[in-house]
Amino acid sequence: MSESLDFQELRERAATTERIAYGIDSVIACDNLVKIYKVAELEVVALQGLDLLVDQGEFIAIVGASGSGKSTLLNILGGLDVPSAGAAAVAGYDLLNMSSEDRTRYRRQVIGFVWQQTARNLLPYLSAQENVELPMILEGTPRGIRHARATELLELVGLGDRTDHRPEQLSGGEQQRVAIAVSLANAPSVIFADEPTGELDTATSSEIFEVLRTVNQDQGVTVVVVTHDPLVSEHVNRTVAIRDGRTSTETLRRTEIDEAGETQTYAEEFVVLDRVGRLQLPEHYVDSLELKRRVRLTLDDDHANVWPDTDERYRPARERETEEVGE
Ligand code: ADP
Ligand code: MG
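A few points on the structure. (Residues numbered from 1 in each chain as written. Chains lettered and ligands numbered in written order. Predicted model: local features only at pLDDT ≥ 70, side-chain atom pairs only at ≥ 80, totals over all residues. Heavy atoms only, no water.)

Let's shift gears to the sheet that holds strand E2 (residues 42-54). With antiparallel pairing, the 4 strands of this open sheet are ordered in space as E2-E1-E4-E5. The sheet is open, and its two borders are formed by E2 and strand E5 (93-94), each paired with just one other strand. (Pairing = 2+ DSSP bridges. Helix = DSSP H or I, 4+ residues; strand = E, 2+ residues; numbered from the N terminus.)

Right, here's the structure in full:
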């Protein structure tokens, strides 16, 4: 995290950001989102101007090192924590200005949440079926409808034959499948999953990502999964990387049928450009070119170049001539 960060400037910048129209077509719109935790006299900037747009129906992964701000972001989007500055909207709900009634409605109807700790997702003394029905009971859904929906959702996540099992009678992966069904109970627009495979082995993790993909396609629900599991990018179309509380790169994956009729998958990494044209260079570029403080930037017809400022060879010729003439 940058040592020279000016908190006052950061707050002002976030506050003066133009909010209108940004992300109006997106189900999730984070604009210059800032979260500062105060612990005693110390300020920890967990999110420092994060921008993110997600379309309805997308299945995206957010990846990043431990401490990069993933859970902070998800807690804000889940309505569990309030940002310090910036703007965040999900399905038309303004997460910075929500009455407590709206917040309750938002958390019960608009979104679903899946946690890493299997124990946090499910009530231990209820069966899978009862766990899935619980959110619907809180909403006053009639018995017949909620029973049918819970059965349907458990079948969707591959647990049609485990409906009467209590969590302790299920494996970790099965418990997470139930948790996904619970998150879908009230037909939310978006489900958020924070490290849902953190306690699972690789093979089971893959299965859980596939279940998330299935519910995304079958229910049309937008899915945002946070993970440090690099394998996730094989399951989603878009992987957003967070670094130091900001989105830094995005990997887009697409499948095409080639001339021989074979399915080919292509993945390409992009650097995120923010609303005012800022981008972050990958760490290994900065290291291998020994970039510090400033760089030379030149524009060609169809691309731009970044040079170390110490390297005389890359100074524009015009500049060198002017200096020679002046001597
Ligand atoms: P991740 O989920 O990517 O591991 P977090 O969002 O949990 O990261 O944390 C981001 C940063 O914010 C870390 O430096 C962490 O120590 C700090 N942080 C998170 N939650 C709190 C909190 N409740 N109080 C103080 N600092 C926090
Ligand atoms: Mg976390």
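From this point, the narrative continues.
What follows concerns the site of ligand 1. Near ligand 1 you find Tyr37, Val39, Val44, Ala46, Ala65, Ser66, Gly67, Ser68, Gly69, Lys70, Ser71 and Thr72, and these make up its full shell. In the environment of ligand 1, an oxygen atom lies 3.2 Å from a nitrogen or oxygen atom belonging to the backbone of Ser68. Out of a free accessible area of 550 Å², ligand 1 has 63% covered by protein chains. Considering each element in turn, the shell around ligand 1 owes the most residues, 3 residues, to helix H2 (residues 70-77). (Near = heavy atom within 4 Å. Polar contact = N/O pair within 3.5 Å; in protein donor to acceptor, adjacent residues only side chain to side chain. Areas by Shrake-Rupley, 256 points an atom, 1.4 Å probe, with all protein chains shown as cover.)

Looking at the element boundaries, Asp25 is found in the loop between helix H1 (7-15) and strand E1 (28-39). When the C-alpha atoms of Asp25 and Ala91 are compared, they prove to be 9.7 Å apart, with 66 residues separating the residues in sequence.

Turning our attention to the sheet that holds strand E6 (residues 111-114). With mixed pairing, the 7 strands of this open sheet are ordered in space as E6-E7-E8-E3-E9-E10-E11. At either end of the open sheet lies a strand with only one pairing partner, and these are E6 and strand E11 (263-271). Across the sheet, the mean angle separating the axes of adjacent strands is 20° when strand polarity is ignored. Where strand E10 (residues 246-257) lies against E11, 9 bridges are found, and the strand directions are antiparallel. The partner of Arg254 across the bridge, within E11, is Tyr266. Across the sheet, helix H3 (residues 100-110) touches E6 and strand E7 (190-194), and the angle it forms with E6 is around 70°. (Axes fitted to C-alpha atoms, helices over the stretch in contact; angles between N-to-C directions. Contact = heavy atoms within 4.5 Å.)

Burial in helix H5 (residues 128-138) covers these residues: Ala128, Gln129, Asn131, Val132, Glu133, Pro135 and Met136. Residues of H5 that are buried sit in contact with helix H6 (143-156) and helix H7 (172-183). At the C-terminal side of H5, Gly140 shows a positive phi close to 75°. (Buried < 20%, exposed > 50% of the residue type's maximum accessible area, 1.4 Å probe, protein only.)

Coordinates in, geometry out; function isn't part of it.
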